[in-house]
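What follows is the residue order along each chain.
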Amino acid sequence: MTAPTKPPHNGPANSPSVSPLGETAGDLHAPVIDWFEEHARDLPWRRPEAGPWGVMVSEFMLQQTPVNRVLPVYEQWLARWPRPADLAADAPGEAVRAWGRLGYPRRALRLHGAAVAITERHDGDVPTDHAQLLALPGIGEYTAAAVASFAYGQRHAVLDTNVRRVFARAVTGVQYPPNATTAAERRLARALLPDDEHTASRWAAASMELGALICTAKNETCQRCPIAAQCAWRLAGKPDHEGPPRRGQTYAGTDRQVRGRLLAVLREAHAPVPQSALDRMWHEPVQRARALDGLVADGLVEPLPGGLYRLPLA
């Protein structure tokens, strides 16, 4: 989702190494990377001034959230907390407040926790080592690989939904990848990874952008795809998906919606909020209580004596 758009082109993008897949990987690298060099979006976390911290912040925010919603929050976040130490010095509740309506607000707490760990363990600098990134709170395999690749130009397989869809279609010949990432997908991603470190980091960013802009979940634009001629799914006639039904996401009426409404009240308040103010946010008392209990259990809301609630201070 990140990576500088146009670094010096000193890698062998036009002569990639052959993977265990034979010529397949080599046939994909150059056209996808060349397409990316010409068509990549100019996003703030791809600019050199973003630095590793900007890349990390973007990766947390972009999980399950579209770019257009992330952009204004990202800009405000980096203006307020330009370094991990700046965020670490603030209360975790302020991170939740600044997260706004990006959704999945536990990401804000996890990012705050990562900032604290970076400040305490790494002198305030986002670590370059993949294992050290993976050891930070709230960072899983995807985020560690993405930061190492996009911020530091390292060679890692970066598998998000967009990349998985590109690989499923171009190489495996199916319309959609499985609902959850499989060991076979990880093996494929490693097999497709160029040997050269610079080219590998460009490939990670380029294949992700291809899935976001061209090889989309619906209404894919194969006529604009740089690897349409090699795409196994297109060459097979674009067979329909035969796997388990793809999971859809609903929001209206769910506990997620109730949690969002309760958090909105607390974000807008700068003093503890009484239970009565939260009760007005949702009509159904059992669901409302369950949502509030969940927010407390997740550390997103802090209960106080006297039936008061606030965003967490510690």
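Residues numbered from 1 in each chain as written. Predicted model: local features only at pLDDT ≥ 70, side-chain atom pairs only at ≥ 80, totals over all residues. Heavy atoms only, no water.

A look at the packing of helix H5 (residues 92-99) against helix H6 (residues 106-121)
No. 1: At a minimum axis distance of 8 Å, the contact between H5 and H6 shows a crossing angle of 135 degrees. Taken together, the axes of H5 and H6 lie oblique to each other. You can see that H5 and H6 cross each other, and the crossing is right-handed. Residues Pro-92, Ala-95, Val-96 and Trp-99 of H5 form the contact with H6, whose participating residues are Arg-107, Ala-108, Leu-109, Leu-111 and His-112.
No. 2: Looking at the contact of H5 with H6 residue by residue, the classes come out as seven nonpolar, one polar and one charged. (Axes fitted to C-alpha atoms, helices over the stretch in contact; angles between N-to-C directions. Helix = DSSP H or I, 4+ residues; strand = E, 2+ residues; numbered from the N terminus. Parallel < 35°, antiparallel > 145°, perpendicular 65-115°, else oblique. Left-handed = near helix turned anticlockwise from the far one by under 90°. Contact = heavy atoms within 4.5 Å. Nonpolar A, V, L, I, M, F, W, Y, C, P; charged D, E, K, R; others polar.)

Things to note about the UniProt feature "domain: HhH-GPD" (unreviewed entry) in the protein chain
No. 1: Within this structure's numbering, the places UniProt gives as "domain: HhH-GPD" (unreviewed entry) are residues 61-213.
No. 2: Across residues 61-213, helical content stands at 66% and strand content at 0%; the span's end C-alpha atoms are separated by 19 Å. (UniProt positions renumbered as here; feature names shortened; annotations may be inferred.)

Things to note about the pattern of salt bridges
No. 1: Applying the stated criterion across every chain, the model contains 16 salt bridges.
No. 2: The partner of Arg-80 in a salt bridge is Glu-94, with the nearest N and O atoms 2.9 Å apart. Taken together, the residues Arg-80 in helix H3 (residues 67-80) and Glu-94 in helix H5 connect sequence positions 14 residues apart.
No. 3: Residue Arg-80 is classed as partly exposed on the basis of its relative accessible area, which comes to 39%.
No. 4: Under the relative-accessibility criterion, Glu-94 is labelled buried at 18%.
No. 5: When the shortest N-O distance is used, the salt bridge between Asp-298 and Arg-259 registers 2.9 Å. Placement of Asp-298 in the loop between helix H15 (285-297) and strand E2 (302-304) and of Arg-259 in helix H13 (residues 255-268) is noted, with a sequence separation of 39 residues between them.
No. 6: One network of salt bridges, with partners in common, ties together Arg-80, Asp-90, Glu-94 and Arg-97. (Salt bridge = Lys/Arg side-chain N within 4 Å of Asp/Glu carboxyl O. Buried < 20%, exposed > 50% of the residue type's maximum accessible area, 1.4 Å probe, protein only.)

A closer look at the environment of Gln-257
No. 1: Secondary-structure assignment places Gln-257 in helix H13.
No. 2: Gln-257 sits in the buried class, given a relative accessible area of 13%.
No. 3: As a C-alpha pair, Gln-257 and Gly-138 span 119 residues in sequence and 23 Å in three-dimensional space.
No. 4: Apart from the residues lying within four places of it in its own chain, the contact partners of Gln-257 are Tyr-251, Ala-252 and Trp-282.

Let's talk about the nonpolar core
Nonpolar side chains tend to gather and get buried jointly when the protein is soluble and globular.
No. 1: Trp-53, Met-56, Met-61, Trp-77 and Leu-111 are the most contacted members of the largest nonpolar core, which has 50 residues in total.
No. 2: Among the secondary structure elements, those contributing two or more residues to this core are helix H2 (51-62), H3, H5, H6, helix H8 (141-152), H13, helix H14 (275-279) and H15.
No. 3: Beyond its immediate sequence surroundings of up to four residues, Trp-53 is in contact with Trp-77, Leu-78, Trp-81, Pro-82, Arg-83, Pro-84, Leu-87, Leu-111, Ala-115 and Val-126.
No. 4: Val-32, Ile-33, Ala-189 and Met-208 belong to the second-largest nonpolar core, a separate cluster that totals 34 residues. (Core = buried A, V, L, I, M, F, W, Y, C linked by side-chain atoms within 4.5 Å.)

A closer look at the state of the cysteines
No. 1: A full pass over the atoms with the stated rule returns zero disulfides.
No. 2: Cys-225 takes part in no disulfide bond, and the closest cysteine sulfur to it belongs to Cys-215, at a distance of 6.3 Å.
No. 3: The exposure class assigned to Cys-225 is buried, which follows from its relative accessible area of 18%. (Disulfide = S-S within 2.5 Å.)

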